[in-house]
Amino acid sequence: MTPEPVLEIRDLAVDYGYGASPVHALRGVSLTLHKGEVLGIAGESGCGKSTLVYAATRLLPPPGVIVGGEVRFHGDDGPVDILRMTDQELRAARWQDTAIVFQGAMNSLNPVYRVGRQLTDAIAAHRPGSSRAEREERARELLTMVGIAPERIRAFPHQLSGGMRQRVMIAMAMALEPKVLILDEPTTALDVVMQRQILEQVMELRDRLGFSVVFITHDVSLLIEVADHIAIMYAGEIVEQARASEVYRQPRHPYSHGLLHSFPPLHGPRRPLAGIPGSPPDLQALPSGCPFSPRCPEAMDVCTDVHPDLGPTAAAEPGRRVACLLHTEGRTLPASLSV
Amino acid sequence: MSAHVVEPVVKPPGEVVLEGVGLTKHFQLGRGTAGTVHAVDGVDVALRAGQVVALVGESGSGKSTVARLLARLHLPTGGQVRLRGEQVTARRGRAFRAYCRRVQMIFQDPFASLNPVHTVRYTLTRSLRIHQPRLRGVELEAALRSLLDRVQLQPDRYVEKFPHELSGGQRQRVAIARALAADPDVLLADEPISMLDVSIRIGILNLLQDLRDRLGIAILYITHDIASARYFADVIHVLYAGHVVESGDGESLTQQPAHPYTQLLVRSAPDPEQLGSTAPTGARGEPPSMVRPPSGCRFHPRCPFATDLCSAREPEAFPIAPGRSAACWGYAPDGTADRPDLGAAKVEVAP
């Protein structure tokens, strides 16, 4: 049985700025999120990970402009294109279909309201028929679900620790039982122990409630552990897409390979690491051809002329796509990319 | 070493350069009776020439406070800082500047630690002029270039740049160059890579490692990432709630963590090798309040092995192997009443 898609992003393109020379922050990104799956999006800062999900949920603030593509959400009544919804439809669909836990979620709570009120807010807006007592009951249930004592419904955000505030945010996102939960760097401000606790909780909830997760982070090692599929982004494009375990054991793009050899392992042999030379590109002055070519150890002459498209790998492995000219016919892959 | 490009003299390794003995820092909350934050309590740390010592811990564990105490940016509530065996009393003025020349600090955020209106040339020249006032003209220029060379930035390309024209990694290199301008014996690096992109972090660590080996600088590396401490540090101290709970060499401490907290830390760290077999860590609870820290062992409310002894008395650092110790009652000598049983989690104690 093939898994059903929940969210399909097709050729999404986003520019920042309206003038004669807008910055192309996202250039033709396509992704599919399946039911019950955890899709990880990894990349360095400024590669467009957050722009991608904000555009897909139409939360992109100006001067961000969606210049093309479509985002199909497969709800109970067939697929709809989020980018072509009217404001009213969008308002009804938000939080109900897709909910987001924002970057820096610890600061996303309103400091002057008790968390209970903030939790019931979305329920009140989307279920106008519900009574106050029902909403309160649901809020208590949500807090228990994320491992916070239900009495804390009366607490103000400042009375909670960072980890607890983050859990409140997750509880809030779960309020309407969305089909898609988007986590935008949810644990960056937290310590490893707390990060682990929270991720274990989210994954357990996913197993129980069966929603899909889009997980954005720059921490690739974490992503490989929790995600089913991974898309690696560089300079506003997806450069490699595959199952998490495949990316880790057999990266096919030189950038993925570099990224995976940038963090020291906690176990296994100690080996000297090199990272990736140079720094992430300036989106306003992208190099011609492949945007990664100036930093790429395998760059060929053709790389500075021809822009690679996302396509099958050299060995045509099923379910894997890579955007690298090394995978065109007639080229030999370096040993590091053909394991 | 003068300002000229001179081959560095490698100091004999193992000599203690900077030492904190029984460092304690309490911060007063408000005025009078609001309480005190027990940020650091009785921490011993010794930095040796040509060696990297890592302090690993969660936020709020007091690791940055230790660095600031060693840099004399905070004055300790108790304990001493010793530079080459002599107690440091400098607080301000000439004596403090002389101390700064020996002990330099690198901060976490390279976007905030460089003045945005000054070029790299100005930032570095100023540091050189402050610490080596006699340097002028050609000599100054040569010193500037050798500094940039040392942090692997081509002088011609970067000397006239403003901070906003540099990437995070390049800025951090400039910040390191500025610290090196004082020709210090000790570098205190407070989370030097946590604000940088993943792909360039290793470059900065390799640079610091190279400075340690070539110049014989003693480095204190503060981090929350135990995997990078394993890669980079010779000695690791694990801090929890202002106490050192475990110390040891980088390799054996991370491969065979002894203290229950270190074990939790190692299990919680992301590890792609554990793919598919992610056993729940059983982590529970939160770091304690530092205003009213728990009695006895500060980890006991979260520790799965805690007994009454743990909540009653604070454990000392028990030796478990040459160069390793753990502050946990589970490693107390045989015959200790009510000793917690760590079971399979206990590391074999070398006689």
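Computed from a predicted structure; not experimentally measured.

Points about the overall build of chain B
Scanning chain B from terminus to terminus reveals 11 helices and 12 strands. The C-alpha radius of gyration of chain B comes to 22 Å, within 12% of the 20 Å expected for a compact globule of 351 residues. In terms of its C-alpha atoms, chain B occupies a principal-axis envelope of roughly 70 × 50 × 40 Å. Split into buried and exposed, the 351 residues of chain B put 48% on the buried side.

Concerning the overall build of chain A
From N to C terminus, chain A includes 9 helices and 11 strands. For chain A, the C-alpha radius of gyration of 21 Å lies close to 20 Å, the compact-globule estimate for 339 residues. Here the C-alpha coordinates of chain A stretch approximately 70 × 50 × 45 Å along the principal axes. In chain A, buried positions account for 45% of the 339 residues. Across chain A, contacts joining residues at least 24 apart in sequence account for 63% of those joining residues at least 6 apart.

Quick look at the pairing of strand E11 (residues 318-321) of chain B
Residue and element names in this part refer to chain B. In the sheet, E11 pairs with strand E12 (residues 324-326) via 3 bridges, with the strands oriented antiparallel. Note that in E12 the partner of Ala321 across the bridge is Arg324. Where E11 folds back onto E12 in an antiparallel hairpin, the turn is made up of 2 residues, including Gly323, whose phi is positive at roughly 80°.

Digging into the domain arrangement of chain A
Residue and element names in this part refer to chain A. Entries for chain A in the domain assignment read domain 1 (1-97 + 178-277) and domain 2 (110-177). Relative placement of domain 1 and domain 2: their C-alpha centres are 26 Å apart. The partner domain 2 presents 14 residues to the 14 residues of domain 1 that form the contact. In terms of residues, the side of domain 1 that touches domain 2 owes the most to one element, helix H6 (residues 192-209), which gives 7 residues. Considering only residue class, the side of domain 1 that touches domain 2 consists of 11 nonpolar, 3 polar and no charged.

A look at the interface of chain B and chain A
In this assembly, 35 residues from chain B lie in contact with 35 residues from chain A. The element best represented in the side of chain B that touches chain A is helix H7 (residues 198-215) of chain B, accounting for 6 residues. For the side of chain B that touches chain A, the residue count by class is 15 nonpolar, 13 polar and 7 charged.

Here's the deal with the nonpolar core
In this structure, A:Val214, A:Phe215, A:Ile232, B:Ala54, B:Leu220 and B:Tyr221 are the most contacted members of the largest nonpolar core, which totals 192 residues. Those residues in contact with B:Tyr221, other than ones at most four positions away along the chain, are B:Val52, B:Val53, B:Ala54, B:Ala189, B:Ala229, B:Phe232 and B:Ala233.

Re the domain arrangement of chain B
All names here are of chain B. Split into domains, chain B comes out as domain 1 (16-239) and domain 2 (256-272 + 280-345). On a C-alpha basis, the centres of domain 1 and domain 2 stand 30 Å from each other. Between domain 1 and domain 2, the contact holds 11 residues from the first and 10 residues from the second. Residue assignment for the side of domain 1 that touches domain 2 shows that the elements contributing at least two residues are strand E2 (36-48) and helix H8 (226-232). It is E2 that contributes the most residues to the side of domain 1 that touches domain 2, 4 residues altogether. In the side of domain 1 that touches domain 2, the residues fall into 6 nonpolar, 4 polar and 1 charged.

Brief notes about the sheet that holds strand E9 (residues 235-240) of chain B
Residue and element names in this part refer to chain B. Taken together, 8 strands build an open sheet; the order of strands is E6-E7-E8-E3-E9-E10-E12-E11 and the sheet is mixed. The two strands at the open ends of the sheet, each matched to only one other strand, are strand E6 (103-106) and E11. Within the sheet, the average angular offset between the axes of one strand and its neighbour, ignoring direction, is 25°. Note: strand E3 (residues 52-56) against E9, 4 bridges, orientation parallel. Bridge assignment links Val53 to a residue of E9, and that residue is Val235. Packing of helix H6 (residues 168-180) onto the sheet brings it into contact with E6 and strand E7 (186-190), and relative to E6 it is tilted by some 170°.

A closer look at H6(B)
Its 13 residues place the ends of H6(B) 18 Å apart at the C-alpha level, agreeing with the 18 Å of an ideal helix rising 1.5 Å per residue. With 13 of 13 residues buried, H6(B) is to be regarded as a mostly interior element.

Topic: the packing of helix H3 (residues 115-126) of chain A against helix H4 (residues 132-145) of chain A
Residues and elements named next belong to chain A. At their nearest, the axes of H3 and H4 sit 9 Å apart, and the two run at 120° to each other. In terms of crossing hand, the pair formed by H3 and H4 is right-handed. Where H3 approaches H4, its residues Gly116, Leu119, Thr120, Ile123 and Ala124 are matched on the opposing element by Arg135, Glu136, Arg138, Ala139 and Leu142.

Some thoughts on the sheet that holds strand E8 (residues 212-217) of chain A
Residue and element names in this part refer to chain A. Ordered by their spatial adjacency, 7 strands build an open sheet running E6-E7-E8-E3-E9-E10-E11, and the pairing between neighbours is mixed. Looking at which strands have only one partner, the edges of the open sheet turn out to be strand E6 (98-101) and strand E11 (321-322). Looking at chain direction, strand E3 (residues 38-42) and E8 are connected through 5 bridges and run parallel. Each residue of the ladder has a partner; that of Leu39, found in E8, is Val214.

Focus: the packing of helix H3 (residues 120-131) of chain B against H6(B)
All names here are of chain B. Running from N to C, H3 and H6 cross one another at 20°; their axes reach a closest spacing of 8 Å. The orientation of H3 relative to H6 falls into the category roughly parallel. Helix-helix and strand crossings are classified by hand; for H3 and H6 the assignment is right-handed. Residues Val120, Thr123, Leu124 and Ser127 of H3 pack against Val174, Ala177 and Arg178 of H6. Of the residues contributing to the contact of H3 with H6, the split by class is 4 nonpolar, 2 polar and 1 charged.

Some remarks on the environment of B:Ile193
Residue and element names in this part refer to chain B. Within the secondary structure layout, Ile193 lies in the loop between E7 and H7. On a C-alpha basis, the gap between Ile193 and Ala233 in space is 14 Å, while along the polypeptide they are 40 residues apart. Sequence-distant contacts of Ile193, that is, excluding residues within four places in its chain, are made with Arg201, Ile204 and Leu205.

Some thoughts on helix H1 (residues 63-70) of chain B
Residues and elements named next belong to chain B. Counting buried residues in H1 gives 7 out of 8 residues, a clear majority hidden from the surface. Burial in H1 covers these residues: Lys63, Ser64, Thr65, Val66, Ala67, Leu69 and Leu70. Positive backbone phi, approximately 65°, marks Arg72, located one or two places after H1.

Here we look at the pairing of strand E9 (residues 229-234) of chain A
Residue and element names in this part refer to chain A. Of all 6 residues in E9, 6 are buried, a share of seventy percent or more. With burial as the criterion, each face of E9 is covered, one bearing His229, Ala231 and Met233 and the other bearing Ile230, Ile232 and Tyr234. The pairing of E3 with E9 spans 4 bridges and is classified as parallel. In the strand pairing of E9, Ile41 is matched with Ala231.

So, the confidence of the model for chain B
Model confidence for chain B is summarised by a mean pLDDT of 86, while 93% of its residues fall at 70 or above. Interface confidence for the predicted complex, given as ipTM, is 0.78, next to a pTM of 0.84.

Conventions used here
Residues numbered from 1 in each chain as written. Chains lettered and ligands numbered in written order. Predicted model: local features only at pLDDT ≥ 70, side-chain atom pairs only at ≥ 80, totals over all residues. Helix = DSSP H or I, 4+ residues; strand = E, 2+ residues; numbered from the N terminus. Rg over C-alpha atoms; globule rule 2.2 N^0.38 Å. Buried ≥ 20, exposed ≤ 12 C-beta atoms within 10 Å, placed from the backbone. Contact = placed C-beta atoms within 7 Å. Pairing = 2+ DSSP bridges. Domains from an automatic or database assignment. Nonpolar A, V, L, I, M, F, W, Y, C, P; charged D, E, K, R; others polar. Core = buried A, V, L, I, M, F, W, Y, C linked by C-beta atoms within 7 Å. Axes fitted to C-alpha atoms, helices over the stretch in contact; angles between N-to-C directions. Expected span 1.5 Å × (residues − 1). Left-handed = near helix turned anticlockwise from the far one by under 90°. Parallel < 35°, antiparallel > 145°, perpendicular 65-115°, else oblique. pLDDT = per-residue confidence, 0-100.

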